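Survey of secondary and tertiary structure
Okay, here's what each chain looks like letter by letter:
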Amino acid sequence: MTTISHADITPERSSSETAEKQKILNRLRRLEGQVRGLHKMVEEERPCQDILTLLAGIKSALNASGDAIFEGYIERCQQEERPIPIAELLKVARLLR
C-alpha cells in the first residue's frame, strides 16, 4: 500500500514565499502582543492618552499587515500566470478598507 504524504499534495513554495509568510506571521504575533498589552492597559485604567496611542499603533500595524497579505496574493497570482479579474481585485481591495 502506498502512503501519500502532505508533501505529495502540497505545492512547493519558494524560499522567498516562505520568508514572506514568516514575516507576516511575525507581524501577526507582534500584533497579538500589542492587543494583549492594550487589554491590560484598559484593565489597569491607564491614562487615556497612553491607551489611544497604543490603539493607533495597533491599527497602523494591522493595516500594514493587510497590505502585505494583499501584495502577496497579487504576486502569487502573477507567478501562477493566472490573470486576476478586475472585479475580484476590487472586491478584495474593498475588504481591506
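Refer to the structure above for everything that follows.
Presented here is an overview of the structure given in this document.

Basis of the calculations
- Residues numbered from 1 in each chain as written.
- Predicted model: local features only at pLDDT ≥ 70, side-chain atom pairs only at ≥ 80, totals over all residues.
- Heavy atoms only, no water.
- Helix = DSSP H or I, 4+ residues; strand = E, 2+ residues; numbered from the N terminus.
- Buried < 20%, exposed > 50% of the residue type's maximum accessible area, 1.4 Å probe, protein only.
- Contact = heavy atoms within 4.5 Å.
- Areas by Shrake-Rupley, 256 points an atom, 1.4 Å probe, with all protein chains shown as cover.
- Patch = residues over 30% accessible without salt bridge, like charges linked within 9 Å, V, L, I, M, F, W, Y side chains within 5 Å.
- Salt bridge = Lys/Arg side-chain N within 4 Å of Asp/Glu carboxyl O.
- Lys, Arg positive; Asp, Glu negative; His and termini not counted.
- Charge placed at Lys NZ, Arg CZ, Asp CG, Glu CD.
- Core = buried A, V, L, I, M, F, W, Y, C linked by side-chain atoms within 4.5 Å.
- Expected span 1.5 Å × (residues − 1).

**Section: the overall build of the protein chain**
- When helices and strands are tallied, the protein chain shows four helices and zero strands.
- Going through the 97 residues of the protein chain one by one, you find that 15% of them count as buried.
- Across the protein chain, every contact between residues at least 6 apart in sequence was considered, and the portion connecting residues at least 24 apart equals 42%.
- Entry remark: accessible area of the protein chain is about 8,200 Å², with carbon and sulfur atoms responsible for 57%.

**Thoughts on a negative patch on the surface**
- On the surface, Glu20, Asp67, Glu71 and Glu75 cluster together into a negatively charged patch.
- Here the negative patch takes three residues from helix H3 (residues 48–79), the largest share from any one element.
- As for its placement among the helices and strands, Glu71 is situated in helix H3.
- Accessibility expressed as a relative area gives 47% for Glu71, which makes it partly exposed.

**Describing the nonpolar core**
- Residues Leu31, Leu38, Met41, Ile51 and Ile58 constitute the largest nonpolar core, which totals five residues.
- Secondary structure elements with two or more residues in this core: helix H2 (15–43) and H3.
- Per element, the largest residue contribution to this core is three residues, and it comes from H2.
- Not counting the four nearest positions on each side in its chain, Leu38 is found in contact with Ile51, Leu54, Leu55 and Ile58.

**A closer look at H3**
- Taking 1.5 Å as the rise per residue, H3 with 32 residues should run 46 Å; its terminal C-alpha atoms sit 46 Å apart, in good agreement.
- Looking only at H3, the buried set comprises Ile51, Ile58, Ser65, Gly66, Ala68, Phe70, Gly72, Tyr73 and Cys77.
- If you follow the buried residues of H3, they end up packed against H2 and helix H4 (86–95).
- Two residues or fewer past H3, Glu81 is found with a positive phi of approximately 55 degrees.

Shape is all these values report; function is a separate question.
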